[in-house]
Amino acid sequence: MPGTQHPDTRFLDVPGGRIAFDDSGTTAGGAPVVLLPGMLDSRASYRYLRPLLVAAGHRVITMDLRGFGESSIAWDDYSPDAVAHDVFALLDHLGIARAVLVGNSYTGATVVKAAGTAPERVAGIALIDAFLEHSPNAFGRALMKALGPLVLAFPGSWGAAQRYYYPSRRPADFGAYRAGLVAALCAPGRKNATRGQLGGDSVAAGSAAAVRCPALVIMGSKDVDFPDPAALADRQAAALKGRKVMIDGAGHYPQAEFPGATADALLPFLHEVA
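Here's what I pulled together on the structure shown here. Bear in mind that the values here come from a model prediction, so they are computed numbers and not experimental data. (Residues numbered from 1 in each chain as written. Predicted model: local features only at pLDDT ≥ 70, side-chain atom pairs only at ≥ 80, totals over all residues. Heavy atoms only, no water.)

Quick notes on the pattern of salt bridges
Should their charged atoms come close, side chains of opposite charge can pair. A full pass over the atoms with the stated rule returns 13 salt bridges. With its nearest N and O atoms 2.6 Å apart, the salt bridge here joins D23 to R59. Placement of D23 in strand β2 (residues 17-23) and of R59 in the loop between α1 (49-55) and β4 (60-63) is noted, with a sequence separation of 36 residues between them. Using a relative accessible area of 15% as the deciding quantity, one classes D23 as buried. Each of D22, R43, R50, D64 and E70 takes part in a single network of salt bridges with overlapping partners. (Salt bridge = Lys/Arg side-chain N within 4 Å of Asp/Glu carboxyl O. Helix = DSSP H or I, 4+ residues; strand = E, 2+ residues; numbered from the N terminus. Buried < 20%, exposed > 50% of the residue type's maximum accessible area, 1.4 Å probe, protein only.)

Here it is in structure tokens:
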């Protein structure tokens, strides 16, 4: 659960703070996979997907973002760019030359920018219901603008919003996970971290042109964050010269709502990259 220390948690000290992660260790072949959670979330977002990838023989690393999960809370910079630097620091620490980077929501911008900045370190990228552009919809822009003050003033509103992010199927631990997200937002000092993410630019407009590695776009067909998820996935896949996979009925977190379908989308891509 968010905010609860996992027995496998490891830590890496980087300039400005400490990053929490876990590492499945050896791999049967191919590039290791780094899974990055979305905004205001923790690496536990991948609690159902991670074991499926490990069982398929992949080395899987999940990493908490600055300010969230088990990473330290206080930082000067919470942006997707800063997270990309943490990813490379973690790869260096683990002795990994190249990896596949997977970003959900907020960290879609991270993996795109990382691939363009250091192509020699990134074997491929996968985006799961990610933001790569500002909403073309006026209502969507207004909603995102209002989200920050609402969550800062009423952390429980983030927990309430989770109901809409799982439109078809909620995980067995949905209630406890949602409560953990709210509790994490109420932790001392967390408002600054929350403000840092909500105020940061989670889009990667213009960055896609620099991406040269294979790319996969995974999108839930019922993601309420986007007025037309399929059309958005088409634009993202075209910008990255990659391909898309739609997960029917899924919302913003298919890795937890439909982990099997998400693994089915990712595993062939990981095989091709290898």
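Moving on, there is more to tell.
A few points about the environment of P119
On the secondary structure map, P119 appears in the loop between α3 (108-117) and β6 (122-128). The class for P119 is partly exposed, based on a relative accessible area of 41%. Between the C-alpha atom of P119 and that of A265, which follows or precedes it by 146 residues, the distance is 23 Å.

Topic: the environment of A20
Its place among the elements puts A20 in strand β2. Linking A20 and G69, residues 49 residues apart in sequence, is a C-alpha distance of 7.6 Å. Once residues lying within four places of it in the same chain are set aside, the contact partners of A20 are T9, R10, F11, R43, T62, M63, D64, E70 and S71. (Contact = heavy atoms within 4.5 Å.)

Comments concerning the pairing of β6
Taken across its 7 residues, β6 has 7 buried, putting it largely inside the fold. Crossover connection from strand β5 (residues 99-104) via α3 to parallel β6: handedness right-handed. (Right-handed = clockwise from strand over helix to strand, strands pointing away.)

Quick notes on the packing of aromatic side chains
Per the counting criterion, the structure on display carries 5 aromatic pairs. When the ring of Y165 is compared with that of Y253, the centres are 5.7 Å apart and the planes differ by 85°; the resulting orientation is edge-to-face. Taken together, the residues Y165 in helix α5 (residues 156-165) and Y253 in the loop between β8 (243-247) and α9 (254-257) connect sequence positions 88 residues apart. As far as the burial class goes, Y165 and Y253 line up, both buried. Measuring from centroid to centroid gives 5.3 Å for Y166 and F174, while their planes differ by 70°, and the two rings are edge-to-face. By relative accessible area, Y166 is classed as buried at 6%. Residue classification places F174 among the buried residues on the basis of a relative accessible area of 9%. One aromatic cluster in this structure is built from W158, Y165, Y166, F174 and Y253. The ring of Y177 has R47 lying over it, and the distance from NZ or CZ to the ring centre is 3.9 Å. (Phe/Tyr/Trp six-rings, centres within 6.5 Å; stacked < 30°, edge-to-face > 60°. Lys NZ or Arg CZ within 6 Å of the ring centre and 35° of its normal.)

Function cannot be inferred from these measures alone, as they are strictly geometric.
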